[in-house]
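Commentary on secondary and tertiary structure
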Amino acid sequence: MMKITVGNEQSAEVIVHLCRESDGDPVPGVKLRPHARKRGAVTWLYSRDQQPHDLIIGLGPDEGISAERIREAAGNAVRAISKEGFKTVAVRLDRLAERFSAFSAPAGQAGGSAELNSAETGSANGTEGSIPAVSTSAAWSMTVEDLVAAWAEGWRLGSYTFDLYKSNKSSRSVEHLHLILPAGACTAQDLEPALKQASIRAEGTMLARDLCNEPPNVLHPESLVERVMEHFAELPVGVRIYRDEELERLQMNGLLTVGLGSRYKPALIELSYATDPQLPLIALVGKGITFDMGGMNIKSGRDLSDARFDMGGACAVLGAMDMISRSGIQANVTALIATADNMPDARAFVPSTVITYPNGITVQVGNTDAEGRLVLADALLHAGRLGAREIVDIATLTGNVGQALGLKMAGAWGDRPFIETLAAIGEKNGDRIWPMPLIDEYEEQLHSDYADMNNISHSPYGGAIVAALFLRRFVDKASRWVHIDMANTVQVASANGYYTAGATGYGARLLADFVASRVEAARQPKA
């Protein structure tokens with residue numbers, strides 16, 4: 001547990017200064033070079049004689065200063081400070097806060113303390129039934145609470161490490177974070193909801209990271225089921241697991257087929273959170289391939305460790321459900337995780353296998369390494385059986401999406417208004433997406449000579465679009481649906497901002513905030 005205090009004192013080993021490109025020099029007598037103000041720049045000014053050290057964090061141009069930029073700065077700061085081993089830090093948020101148009105909290109001398117506890121739960125804004133949602137304030141109109149929440153969230157996420165299997169674990173963690181705010185801006189009590197918000201959001205995202213980073217000898221379909229049951233046991237979430245005969249009874253033949261090559265049995269995990277069953281049911285569907293060797297179309301490469309990240313969609317859904325259930329939001333949401341291993345084996349499915357789904361569609365397996373859509377099809381059909389009228393599926397589905405969009409934002413297909421909502425949310429909370437087209441003419445690329453369709457396109461082009469078209473065949477026509485392909489955002493190779501090398505936790509905050517937005521929309525008076 002790290003202690004957070006607020007006020008206008010500066011007693012600490014390190015003082016952090018946030019500098020925009022137009023700002024003057026923050027430390028008297030020291031002239032900064034222009035690059036020190038660039039976005040993401042980290043500059044140390046070491047002191048003598050037991051005086052505090054100064055850390056300059058560049059924010060970049062004045063235009064576009066946002067909560068996301070603050071989260072990035074916090075992540076860069078905590079990593080630099082932890083590397084040096086300092087324990088006490090004071091952050092100059094006062095200069096930035098003074099630029100905001102207004103303070104939302106009642107006037108009062110800033111001061112006091114609050115605890116940022118990873119185990120803390122409860123309402124994010126201090127009222128029953130609200131979710132910790134990202135600020136929707138425009139640049140330069142954030143409240144002080146928004147600023148503090150963004151800094152605390154970025155700090156927690158930037159300090160994340162996955163060193164469970166290292167002999168020498170890092171013990172260099174900051175023990176006391178002091179936030180310097182303008183006099184009269186906020187009291188410690190005013191900021192408690194913002195800190196709870198940051199804690200809930202960071203914990204949910206780090207849950208997604210932890211699960212995705214686990215090696216496959218530890219986290220496989222069977223242990224994932226156990227981990228989920230244990231994690232949600234004390235939360236207001238119903239858990240149901242479909243395995244063996246139940247999968248056969250429901251004709252979840254995609255899951256059963258893909259799981260044939262693994263010694264671990266596949267499963268469909270169903271989580272339900274229904275504090276207001278009268279609201280339209282929202283289904284969050286995640287692909288949970290805990291390790292993807294490609295099946296009989298075996299992958300090749302010098303190091304295939306990243307194949308464990310193929311459960312990134314499932315991790316995003318689980319992280320979102322953690323945030324939603326801890327928040328006390330009044331919602332009606334079900335999470336569906338289709339989990340299996342895709343391994344080569346004497347019992348494994350092979351190319352040319354035909355899978356029959358309960359909606360009557362038959363699928364020729366052209367390539368066993370296009371397994372994600374086969375298991376998602378089962379989960380989407382199950383969402384329809386449950387009566388979901390709003391469905392979002394998220395998956396590390398194709399490498400093609402990265403070729404189209406790079407590594408900073410995922411692609412989204414389906415209901416345009418939903419995608420616009422998701423895109424707006426992602427711009428604010430950092431889980432960015434980009435609208436992609438569903439081109440009906442491309443369906444012919446899924447042609448099969450002896451089944452209704454193939455699971456792989458016969459063209460090397462437009463693979464992410466064709467994958468989305470495949471999934472659309474399994475969505476209830478009465479439902480609004482969005483498919484998110486996050487294969488390009490599930491991991492980063494090196495630390496930057498509040499991301500550390502490995503799994504990003506992408507999608508957890510995006511889905512949680514989307515559910516919150518849909519609950520709010522459902523409660524609006526009909527025009």
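You'll find the structure just up there.
None of the values given here were measured: they were computed from a predicted structure.

**A short note on the overall build of the protein**
- A tally of regular secondary structure across the protein gives 13 helices and 20 strands.
- Here the protein has a C-alpha radius of gyration of 24 Å; the compact-globule value for 527 residues is 24 Å, and the two agree.
- Overall, the protein is about 80 × 55 × 40 Å in size when its C-alpha atoms are taken along their principal axes.
- Sorting the 527 residues of the protein into buried and exposed places 57% on the buried side.
- Contacts spanning at least 24 positions in sequence make up 80% of the contacts within the protein whose residues lie at least 6 apart.

**Notes on the packing of helix α9 (residues 372–385) against helix α12 (residues 463–472)**
- For the pair α9 and α12, the least separation of the axes is 9 Å and the interaxial angle reads 35 degrees. The handedness of the crossing between α9 and α12 is right-handed. Residues Arg373, Leu374, Leu376, Ala377 and Leu380 of α9 lie in contact with α12, whose contacting residues are Ala467, Phe470 and Leu471.
- Of the residues belonging to the contact of α9 with α12, the class tally is seven nonpolar, no polar and one charged.

**Considerations on the sheet that holds strand β12 (residues 354–356)**
- Pairing within the open sheet is mixed, and its three strands lie in the order β12-β13-β17. On the outer flanks of this sheet lie β12 and β17 (453–454), each paired with one strand and no other.

**Notes on the pairing of strand β15 (residues 410–414)**
- Most of β15 sits inside the fold, with four of its five residues counted as buried.
- Relative to strand β16 (residues 433–435), β15 runs parallel, the two sharing three bridges. Its bridge partner lying in β16, alanine 410 is registered against isoleucine 433.
- One crossover worth recording links β15 to the parallel β16 by way of helix α11 (residues 416–429), and it is right-handed.
- In the sheet, β15 pairs with strand β18 (residues 480–485) via four bridges, with the strands oriented antiparallel. In the strand pairing of β18, tryptophan 413 is matched with histidine 483.

**Overview of the layout of surface pockets**
- Considering only enclosed or pocket space, the largest pocket measures out at about 950 Å³ in volume.
- If you trace the largest pocket, you find 30 residues lining it, with Ser159, Tyr160, Thr161, Ser170 and Ser173 closest to the centre.
- Examining the composition of the lining of the largest pocket, we find that four residues originate from one element, helix α1 (residues 67–84), more than from any other.

**So, helix α3 (residues 144–158)**
- The terminal C-alpha atoms of α3 lie 21 Å apart, and with 15 residues this matches the ideal 21 Å at 1.5 Å per residue to within 8%.
- Most of α3 sits out of view: 15 of its 15 residues are buried.

**Overview of the nonpolar core**
- The biggest cluster of nonpolar side chains holds 60 residues, and the ones touching the most others in it are Leu271, Leu284, Met321, Ile433 and Ile484.
- The greatest single-element share of this core, amounting to nine residues, is contributed by helix α8 (residues 312–327).
- Apart from the residues lying within four places of it in its own chain, the contact partners of methionine 321 are Phe232, Leu271, Tyr273, Leu284, Val333 and Ala335.
- Grouped together as the second largest cluster of nonpolar side chains are 43 residues, Val16, Leu59, Leu93 and Val144 included.

**Focus: the pairing of strand β5 (residues 88–92)**
- Of all five residues making up β5, four are buried, and the element is well covered by its neighbours.
- Sheet analysis places strand β2 (residues 14–20) next to β5, joined by four bridges and oriented parallel. Each bridged residue has a counterpart across the sheet, and for histidine 17 the counterpart in β5 is arginine 92.
- The sheet contact formed by β5 and strand β7 (residues 176–180) spans five bridges and is parallel. Note on β7: the bridge partner recorded for arginine 92 is isoleucine 180.

**Digging into the side chain of threonine 339**
- Note that threonine 339 resides in strand β11 (residues 332–342).
- There is a polar contact of 2.8 Å between the side chain of threonine 339 and the backbone oxygen of glycine 288.

**Let's talk about the pattern of salt bridges**
- Taken as a whole and judged by the stated rule, the model has 29 salt bridges.
- Salt-bridge contacts for aspartate 25 lead to arginine 37; the nearest nitrogen and oxygen are separated by 2.7 Å. Taken together, the residues aspartate 25 in the loop between β2 and β3 (42–45) and arginine 37 in the loop between β2 and β3 connect sequence positions 12 residues apart.
- Close ionic contact of glutamate 153 with arginine 201 constitutes a salt bridge, the shortest N to O distance being 3.3 Å. Here glutamate 153 is found in helix α3, whereas its partner arginine 201 is found in helix α4 (residues 188–213), with 48 residues between them in sequence.
- It is possible to trace a salt-bridge network through shared partners that takes in Glu153, Arg201, Asp431, Arg509 and Asp513.

**A word on the sheet that holds β11**
- In spatial order, the strands read β8-β9-β11-β10-β14-β18-β15-β16; together these eight strands make up an open sheet with mixed pairing. What marks the edges here is a single partner per strand, and that holds for β8 (238–242) and β16. Between one strand axis and the next, the sheet turns through 20 degrees on average, direction left out of account.
- In this sheet, β11 lies alongside strand β10 (residues 282–292) in parallel orientation, the contact comprising 10 bridges. Within the sheet, the bridge partner assigned to leucine 284 lies in β11 and is alanine 335.
- Contacts between α11 and the sheet are confined to β14 (390–395), β15, β16 and β18, with β18 contributing the most and set at about 50 degrees to the helix.

**Here we look at the state of the cysteines**
- Under the defined criterion, the tally for this structure stands at zero disulfides.
- Counting only cysteine sulfurs, cysteine 212 is the nearest neighbor of cysteine 315, a cysteine outside any disulfide, at a range of 4.1 Å.
- The buried category is assigned to cysteine 315, whose relative accessible area is 1%.

Cut-offs used in this document
- Residues numbered from 1 in each chain as written.
- Predicted model: local features only at pLDDT ≥ 70, side-chain atom pairs only at ≥ 80, totals over all residues.
- Heavy atoms only, no water.
- Helix = DSSP H or I, 4+ residues; strand = E, 2+ residues; numbered from the N terminus.
- Rg over C-alpha atoms; globule rule 2.2 N^0.38 Å.
- Buried < 20%, exposed > 50% of the residue type's maximum accessible area, 1.4 Å probe, protein only.
- Contact = heavy atoms within 4.5 Å.
- Axes fitted to C-alpha atoms, helices over the stretch in contact; angles between N-to-C directions.
- Left-handed = near helix turned anticlockwise from the far one by under 90°.
- Nonpolar A, V, L, I, M, F, W, Y, C, P; charged D, E, K, R; others polar.
- Pairing = 2+ DSSP bridges.
- Right-handed = clockwise from strand over helix to strand, strands pointing away.
- 1 Å grid on protein atoms, 1.4 Å probe; cavity = no way out; pocket = protein on both sides within 12 Å on 5 of 7 lines; lining within 4 Å.
- Points joined across faces, edges and corners; volume = space filled by probe spheres on them.
- Expected span 1.5 Å × (residues − 1).
- Core = buried A, V, L, I, M, F, W, Y, C linked by side-chain atoms within 4.5 Å.
- Polar contact = N/O pair within 3.5 Å; in protein donor to acceptor, adjacent residues only side chain to side chain.
- Salt bridge = Lys/Arg side-chain N within 4 Å of Asp/Glu carboxyl O.
- Disulfide = S-S within 2.5 Å.

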